[in-house]
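A closer look at the structure
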Amino acid sequence: MDRLRGAVAVLVGAAALSVPVALAMPKYRTAAIQQLHYDVGNPLWQYDRTVMSCTFCHVNVHGGAPWNPFGEALRAGFRASPRADFGAVLYGVLRANGDADADGYPDAVEVYARTLPGDAQSHPERPLAELQAAFEAAGGVTQYAPKRRK
């Protein structure tokens, strides 16, 4: 078993070295993936570009301006609290219980369902009441609170 773990570690390391710098995930995206638990169950999430696409917050598939409605909500959060860290701003936007893309599903519920909170065409297929109950049973918005630093 130790030999297998060692081989996997070598392969992961080799893969990391072969990833061009241009493909590295921006720090906000990396932080969001972890805070929203999108990394759970995927040991190679840092190299998986499908874990959270740039269109989670941006209009363009490669990021940058312009931002979609959810990205604009995050930007407004930073304008309101310029010294806040990203995790606090993200949590504040989700706690506000808004529906940035006006598709009838609150942003935090869309995060839970793994759909795009800034794209009205991307919404959960389950009825809101059913999904909301599952979301609350899983911990509600508090599951996305930033981890406290020690």
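The structure reproduced in this document is the subject of the present report. (Residues numbered from 1 in each chain as written. Predicted model: local features only at pLDDT ≥ 70, side-chain atom pairs only at ≥ 80, totals over all residues. Heavy atoms only, no water.)

Concerning the pattern of salt bridges
Definition in use: The rule for a salt bridge is simple: a side-chain nitrogen of Lys or Arg has to be within 4 Å of a carboxyl oxygen of Asp or Glu. Secondary structure elements are taken from DSSP: a helix is a run of H or I of four residues or more, a strand is a run of E of two residues or more, and numbering for both begins at the N terminus. Residue burial is assigned from relative accessible area. The probe radius is 1.4 Å, only protein chains are included, and a residue is buried under 20% of its type maximum, exposed over 50%, and partly exposed in between.
According to the stated counting rule, one finds 2 salt bridges in the structure shown. Note that Glu 72 is salt-bridged to Arg 75, the shortest N-O span being 3.4 Å. With Glu 72 and Arg 75 both in helix 3 (residues 69–80), this residue pair falls 3 residues apart, about one helical turn. We classify Glu 72 as partly exposed; its relative accessible area is 31%. Residue Glu 130 pairs with Arg 126 through a salt bridge whose shortest N-O separation is 3.0 Å. Look at Glu 130 and you get partly exposed, because its relative accessible area is 42%. Overall, Arg 126 belongs to the partly exposed group, its relative accessible area being 36%.

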